[in-house]
Amino acid sequence: MITDLGRFPEVRVISLQDAAAPSGAETRSEKRGGDYVVRGELQRSGDNIRLYVRLTEATSGEALWSEQYDRAYTDLLSLQDELTREVLNKLRIKVSDAELRRRARPYTRNLQAYEYFLRAQSGLLVRRKPDNDAAREMYLKAIELDPTFARARAGLALTYAADRRNGWTSDGAGALAKAFELATSAQQMDPDTPEIYFALAYVNMERGDLSEATDNLREALRLNPSYADAYALMGGIQTYRGRPQETIPLIGVATRLLPESGYLYFLVLGRAYFFLGDTESASLYLRQALARNPESVESHVYLAATLVRGPTRRGDVGGGADTHAGAGVPRSRMAVQLSDDRCRPARAPDPGTREYRLVGNCASSRRTRRNPSILHCVPGSSEILRETFVR
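Analysis parameters
- Residues numbered from 1 in each chain as written.
- Predicted model: local features only at pLDDT ≥ 70, side-chain atom pairs only at ≥ 80, totals over all residues.
- Heavy atoms only, no water.
- Helix = DSSP H or I, 4+ residues; strand = E, 2+ residues; numbered from the N terminus.
- Expected span 1.5 Å × (residues − 1).
- Buried < 20%, exposed > 50% of the residue type's maximum accessible area, 1.4 Å probe, protein only.
- Phe/Tyr/Trp six-rings, centres within 6.5 Å; stacked < 30°, edge-to-face > 60°.
- Lys NZ or Arg CZ within 6 Å of the ring centre and 35° of its normal.
- Salt bridge = Lys/Arg side-chain N within 4 Å of Asp/Glu carboxyl O.
- Core = buried A, V, L, I, M, F, W, Y, C linked by side-chain atoms within 4.5 Å.
- Contact = heavy atoms within 4.5 Å.
- pLDDT = per-residue confidence, 0-100.
- Axes fitted to C-alpha atoms, helices over the stretch in contact; angles between N-to-C directions.
- Parallel < 35°, antiparallel > 145°, perpendicular 65-115°, else oblique.
- Left-handed = near helix turned anticlockwise from the far one by under 90°.
- Nonpolar A, V, L, I, M, F, W, Y, C, P; charged D, E, K, R; others polar.
- Pairing = 2+ DSSP bridges.
- Lys, Arg positive; Asp, Glu negative; His and termini not counted.

Engineer: How should I be thinking about helix α13 (residues 263–276) in this particular structure?
Structural biologist: Along its 14 residues, α13 runs 20 Å from first to last C-alpha, staying within 8% of the 20 Å computed at 1.5 Å per residue. With respect to burial, α13 is a largely interior element, 13 of its 14 residues being buried. Just past α13, the residue Gly 277 takes up positive phi, approximately 90°.

Printed below as a string of structure tokens:
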């Protein structure tokens, strides 16, 4: 429902993501800028489902519409279409039948494929290698059942991009090429789905094509102006392009649309403040990211680098956004490589990188421009942060 309604430019959708205690929800929605609140409860018993839905006015709490649906579970996808139509009708938004079918249609008519897709989405969001591998298997099963399921292909592309970004594969270039192939084919199969453009943007970001990634996100937002993750990813890209000051308002928009967001929004915000030279704010948001996901290596790395720099506020560091980790380098994108206490050889960095070796809460850094030698890990080190400068 959130995704389907968000595709209509006449509707700005804010996700509450608060299944607990409906009392007070309208007040929270009012504070977040919503005019109406849609709530529902879904129950399943065997092969049947029962859905309760109600639409209320946010300020007064007045009930505008409520309905109970008893359907066979196999009718779930068609029920999504019907609910979208009903909500738009109650809000008196005029949309043609053809436009409604185009924008609100399910991504597949194969219910089992859709179930595999939802399970894959849950695994992908955990952002750990075992869950990423399991998500890939679920996406593949969905595609096997429905080869035209373009959004499943886009999700599959993200699993390969995650392999490359997190160093979960020895063939990062091959994984990235596979991700690009899948995301491109998904976009060709379904050019009207914003999540597919998001996947293509993420893959293009990993390929270093930041301009193309930005164009992909603009198209995603044209299709769904309430797409919070698209604003957040665009914010992250602005930091990579050397404009971290532009990241902050974009994350603000994303957070308003998705108030109960996960750790990534805090990571992107903390990283932006780090490159702005405001380590106090960076530390605050990076700690928030780690509170939500203690396994986020990138959050640990940036927090360690923040602690090494010491407390500063925006404007205290000369050069503002142009000051990059004390070296005056304006643009960067990063990758994380893991090592362990056995001191196995680590890959030599690409030309034009800085390397941070983290030992406990301390970090040492050195600039390496053209170092062809193999680097060896230091006993006790756990992570290596490599920042590749974009010229």
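Engineer: What is the right way to read the packing of aromatic side chains from this model?
Structural biologist: Here the structure, examined in full by the defined rule, presents nine aromatic pairs. For the pair Tyr 114 and Phe 117, a centre-to-centre distance of 6.2 Å together with 20° between the ring planes defines the contact as stacked. In this pair, Tyr 114 and Phe 117 both sit in helix α5 (residues 111–126), three residues apart, roughly one turn of the helix. Residue class for Tyr 114 comes out buried when judged on its relative accessible area of 12%. Ring plane angle 40° and centroid distance 5.8 Å describe the contact between Phe 198 and Tyr 227, whose orientation is recorded as tilted. Here Phe 198, found in helix α9 (residues 194–207), pairs with Tyr 227, found in the loop between α10 (210–223) and α11 (228–240); they are 29 residues apart in sequence, far enough to count as distant. Phe 198 sits in the buried class, given a relative accessible area of 15%. Counting every residue linked through ring pairs, the aromatic cluster contains Tyr 114, Phe 117, Tyr 139 and Phe 149. The positively charged end of Arg 309 is found above the aromatic ring belonging to Phe 274, 4.7 Å away from the centroid.

Engineer: It is not clear to me how the pattern of salt bridges should be interpreted in this structure. Could you clarify?
Structural biologist: Side chains that differ in charge, positive against negative, can pair when their charged atoms come close. Under the definition given, this model contains twelve salt bridges. A salt bridge links Arg 50 to Asp 70; its shortest N-O distance comes to 2.5 Å. Residue Arg 50 is located in strand β2 (residues 48–57), and its partner Asp 70 is located in strand β3 (residues 63–72); the two are separated by 20 residues in the primary sequence. Among the residues examined, Arg 50 registers a relative accessible area of 34% and is labelled partly exposed. Ionic pairing is found between Glu 246 and Arg 243, a salt bridge with its closest N-O pair at 3.4 Å.

Engineer: Is there a simple way to explain the nonpolar core in this structure?
Structural biologist: Most often, soluble globular proteins have nonpolar side chains that are buried together. Counting residues in hydrophobic clusters, the biggest one holds 73 residues, and the most contacted among them are Tyr 139, Phe 149, Met 205, Leu 217 and Leu 233. By residue number, the principal contributor to this core is α13, which donates ten residues. Once residues lying within four places of it in the same chain are set aside, the contact partners of Leu 233 are Phe 198, Ala 201, Tyr 202, Met 205 and Leu 217. Ile 49, Trp 65, Leu 79 and Leu 83 belong to the second largest nonpolar core, which has twelve residues in total.

Engineer: Just to check I follow, could you spell out the confidence of the model for the protein for this structure?
Structural biologist: It should be kept in mind that the predicted coordinates are not to be read in detail where pLDDT is low. Model confidence for the protein is summarised by a mean pLDDT of 74, while 66% of its residues fall at 70 or above. In the model of the protein, strand β8 (residues 375–376) stands out as the element of lowest mean pLDDT, 28, in contrast to helix α8 (residues 172–189), which has the highest, 97. In the predicted structure, residues 18–31 sits below a pLDDT of 50 and forms 21 contacts with residues beyond four places in sequence or in another chain. Note that pLDDT drops below 50 for residues 317–391; the model gives that stretch 169 contacts with residues more than four away or on any other chain.

Engineer: How should I be thinking about the packing of α5 against helix α7 (residues 150–166) in this particular structure?
Structural biologist: In helix packing, the relevant descriptors are the interaxial angle and the interaxial distance, both defined with respect to the helix axes. Put simply, α5 and α7 touch, their axes get as near as 11 Å, and they point 25° apart. The pairing of α5 with α7 is recorded here as roughly parallel in orientation. Note that α5 runs across α7; the crossing there is left-handed. For the pair formed by α5 and α7, the contact residues are Phe 117, Gln 121 and Leu 124 on the first element and Arg 151, Ala 152, Leu 158 and Thr 159 on the second. Considered class by class, the residues forming the contact of α5 with α7 number four nonpolar, two polar and one charged.

Engineer: How should I be thinking about the pairing of β2 in this particular structure?
Structural biologist: Taken residue by residue, a regular strand's side chains alternate between the two faces of the sheet. Note that strand β1 (residues 36–45) and β2 share ten bridges and pair antiparallel. Bridging from a neighbouring strand, Leu 42 pairs with Leu 51 of β2. Count of turn residues in the β1/β2 antiparallel hairpin: two residues, of which Gly 46 carries a positive phi of about 65°.

Engineer: It is not clear to me how α9 should be interpreted in this structure. Could you clarify?
Structural biologist: An α-helix turns once every 3.6 residues. As a result, residues three or four positions apart point the same way. Between its terminal C-alpha atoms α9 stretches 20 Å, which fits the 20 Å expected from 14 residues at 1.5 Å a residue. Counted residue by residue, α9 has 13 buried out of 14 residues, so it is predominantly covered. Directly beyond the C-terminal end of α9, a positive phi value near 90° is found at Gly 208.

Engineer: Explain unusual backbone geometry here, please?
Structural biologist: Across the chain, the bulk of peptide bonds are trans and the bulk of non-glycine residues have phi less than zero. A positive phi angle is found at Arg 127, which is not glycine, with a value near 60°. Assignment of secondary structure puts Arg 127 in the loop between α5 and α6 (129–145). Assessed through its relative accessible area of 37%, Arg 127 is described here as partly exposed.

Engineer: Teacher, can you tell me more about the environment of Ile 143 here?
Structural biologist: Relative to the helices and strands, Ile 143 resides in helix α6. For the pair Ile 143 and Arg 153, spaced ten residues apart in the sequence, the C-alpha separation amounts to 7.1 Å. Once you skip the residues sitting within four places of it in the chain, Ile 143 turns out to touch Ala 152, Arg 153 and Leu 156.

Engineer: Sorry if this is basic, but what is going on with the side chain of Arg 153 here?
Structural biologist: For Arg 153, the position within the fold is in helix α7. For the buried Arg 153, which has no salt bridge, the nearest side chain bearing the opposite charge is Glu 181, at an N-O separation of 7.1 Å. Other than its neighbours up to four places away in sequence, Arg 153 contacts Ile 143, Pro 147, Leu 182, Ser 185, Ala 186 and Met 189.

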